[in-house]
Amino acid sequence: MSALHALSAQLAVNPLDAGSLLGAFGALGIAAVLFAETGLLVGFFLPGDSLLFTAGLLCTTGAHGGPHLVLWQVLAAAVAGALAGAQVGFLLGRRGGRALLAKSRNRRLHEGALRAEEFLSRYGHGRAVVLARFVPIVRTVLNPLAGALGVGARTFTLWQVAGGLVWTVGLVLAGYGLGSSVPNVDRYLLPIVALVVALSLLPIGLELLRSRRAGAR
């Protein structure tokens, strides 16, 4: 019966909820989600930022009210998923990223592609690849788009590794540091995760505002 209950819990997992994903799949779920979000166009809706931060929190608070995660396992899974996903996305883009994107009818995905192109033209290849890690949807689309636009493989690999390490390790350790310094922080887990999600969406909001002002001019 316990195996049946475990299977039922996994089938009932909410892919948009970081806590649900971590409770069902643990560190392996982190690797899978980050791989899909950064390497496959279908993963643009997945909660990468909140997943990393929540995982860091649960390395210290899991024993109180959630799954208990081990810090080194979380870091290893996060880095592996993010770096492998970005590289696969780049290779898919080399083999037909534009065609894959054209088949999608999702408006948010196409808006993300436009922002990704703006990133590449405004910041240059290296900075764009790093900065895209911190912008939802853009980090999904930019990797295959970089491959489709002919960004050099060596340049892309160097900067996606640098950006991936800063993004994953930084967010996990931020969550871990907060969980270690604030007693019973798991009581405030939902509002904290909501704040992280809001902050992760802030660059998109600022970018849209800038675009509208430029259009008005």
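How each quantity is defined
- Residues numbered from 1 in each chain as written.
- Predicted model: local features only at pLDDT ≥ 70, side-chain atom pairs only at ≥ 80, totals over all residues.
- Heavy atoms only, no water.
- Helix = DSSP H or I, 4+ residues; strand = E, 2+ residues; numbered from the N terminus.
- Buried < 20%, exposed > 50% of the residue type's maximum accessible area, 1.4 Å probe, protein only.
- Contact = heavy atoms within 4.5 Å.
- Axes fitted to C-alpha atoms, helices over the stretch in contact; angles between N-to-C directions.
- Left-handed = near helix turned anticlockwise from the far one by under 90°.
- Expected span 1.5 Å × (residues − 1).
- Parallel < 35°, antiparallel > 145°, perpendicular 65-115°, else oblique.
- Nonpolar A, V, L, I, M, F, W, Y, C, P; charged D, E, K, R; others polar.
- pLDDT = per-residue confidence, 0-100.
- Salt bridge = Lys/Arg side-chain N within 4 Å of Asp/Glu carboxyl O.
- Phe/Tyr/Trp six-rings, centres within 6.5 Å; stacked < 30°, edge-to-face > 60°.

Student: Talk me through the overall build of the protein; I want residue IDs and the actual numbers.
Tutor: Looking only at helices and strands, the protein features 9 helices and 0 strands. Each helix and strand of the protein, ordered N terminal to C terminal, gives the series α-α-α-α-α-α-α-α-α. Per-residue burial for the protein yields a buried fraction of 44% across its 217 residues. Of the contacts formed within the protein by residues at least 6 apart in sequence, a portion of 77% connects residues at least 24 apart.

Student: Outline unusual backbone geometry, supporting the account with residue identities and numerical values.
Tutor: Here Ile-137, not a glycine, exhibits a phi torsion of approximately 75°, which is positive. Secondary-structure assignment places Ile-137 in the loop between helix 6 (107-132) and helix 7 (138-148). Residue Ile-137 is classed as buried on the basis of its relative accessible area, which comes to 4%.

Student: Got a sec to walk through the side chain of Asn-143? Specific residues and values, please.
Tutor: Secondary-structure assignment places Asn-143 in helix 7. By relative accessible area, Asn-143 is classed as buried at 5%. Non-local contacts of Asn-143, meaning those with residues more than four positions away in its chain, are made with Thr-38, Ala-86, Gly-89, Phe-90 and Phe-156.

Student: Explain the side chain of Thr-140 to me, using residue names and the numbers behind them.
Tutor: The topology assignment puts Thr-140 in helix 7. Taking relative accessible area as the criterion, Thr-140 reaches 0% and is therefore assigned buried. For Thr-140, the residues in contact, after removing those within four places along its chain, are Glu-37, Thr-38, Leu-40, Leu-41, Gly-43 and Phe-44.

Student: Let's hear about the packing of helix 6 against helix 8 (residues 153-181): which residues, and what values?
Tutor: One can describe the packing of helix 6 onto helix 8 by two numbers: an axis separation of 8 Å at closest approach and a directional angle of 35°. Once helix 6 is placed against helix 8, the crossing between them reads as right-handed. The segment helix 6 lies against helix 8, with His-125, Gly-126, Val-129 and Val-130 engaging Thr-155, Phe-156, Trp-159, Gln-160 and Gly-163.

Student: Now, about helix 8: what can you tell me, with residues and values included?
Tutor: Relative to the 42 Å expected for 29 residues at 1.5 Å per residue, helix 8 spans 41 Å between its end C-alpha atoms, a close match to the ideal helical length. Burial in helix 8 covers these residues: Phe-156, Gln-160, Gly-163, Gly-164, Trp-167, Thr-168, Leu-171, Val-172, Gly-175 and Gly-179.

Student: Run through the packing of helix 4 (residues 71-94) against helix 7, naming residues and quoting values.
Tutor: It is at 6 Å that the axes of helix 4 and helix 7 come closest, and there the two elements cross at 40°. Here helix 4 lies oblique to helix 7, going by the angle between them. As helix 4 packs across helix 7, the resulting crossing turns out to be right-handed. Contact residues: helix 4 offers Ala-86, Gly-89, Phe-90, Gly-93 and Arg-94, while helix 7 offers Asn-143, Pro-144, Ala-146, Gly-147 and Ala-148. Split into classes, the residues belonging to the contact of helix 4 with helix 7 amount to 5 nonpolar, 4 polar and 1 charged.

Student: Summarise the confidence of the model for the protein; cite the residues concerned and give the values.
Tutor: Put simply, the protein has an average pLDDT of 76, and 66% of its residues get 70 or more. Here helix 1 (residues 2-11) is the element of the protein with the lowest mean pLDDT, 42, and helix 4 is the one with the highest, 94. Segment residues 1-12: pLDDT under 50, and 2 contacts once partners within four positions in sequence are set aside and those in other chains are kept.

Student: Break down the pattern of salt bridges for me, citing the residues and quoting the values.
Tutor: Taken as a whole and judged by the stated rule, the model has 3 salt bridges. Between Glu-37 and Arg-139 there is a salt bridge; the shortest N-O distance is 2.9 Å. Residue Glu-37 is located in helix 2 (residues 18-39), and its partner Arg-139 is located in helix 7; the two are separated by 102 residues in the primary sequence. This pair shows no difference in class: Glu-37 is buried, exactly as Arg-139 is. Residue Asp-49 is joined to Arg-139 by a salt bridge in which the shortest nitrogen-to-oxygen separation is 2.9 Å.

Student: Can you lay out the packing of aromatic side chains for me, pointing to particular residues and giving the numbers?
Tutor: All chains considered together, the criterion is met by 1 aromatic pair. Judged by centre distance (4.3 Å) and plane angle (10°), the rings of Phe-90 and Phe-156 are stacked. In this pair, Phe-90 is assigned in helix 4 and Phe-156 in helix 8, connecting sequence segments 66 residues apart. Assessed through its relative accessible area of 1%, Phe-90 is described here as buried.

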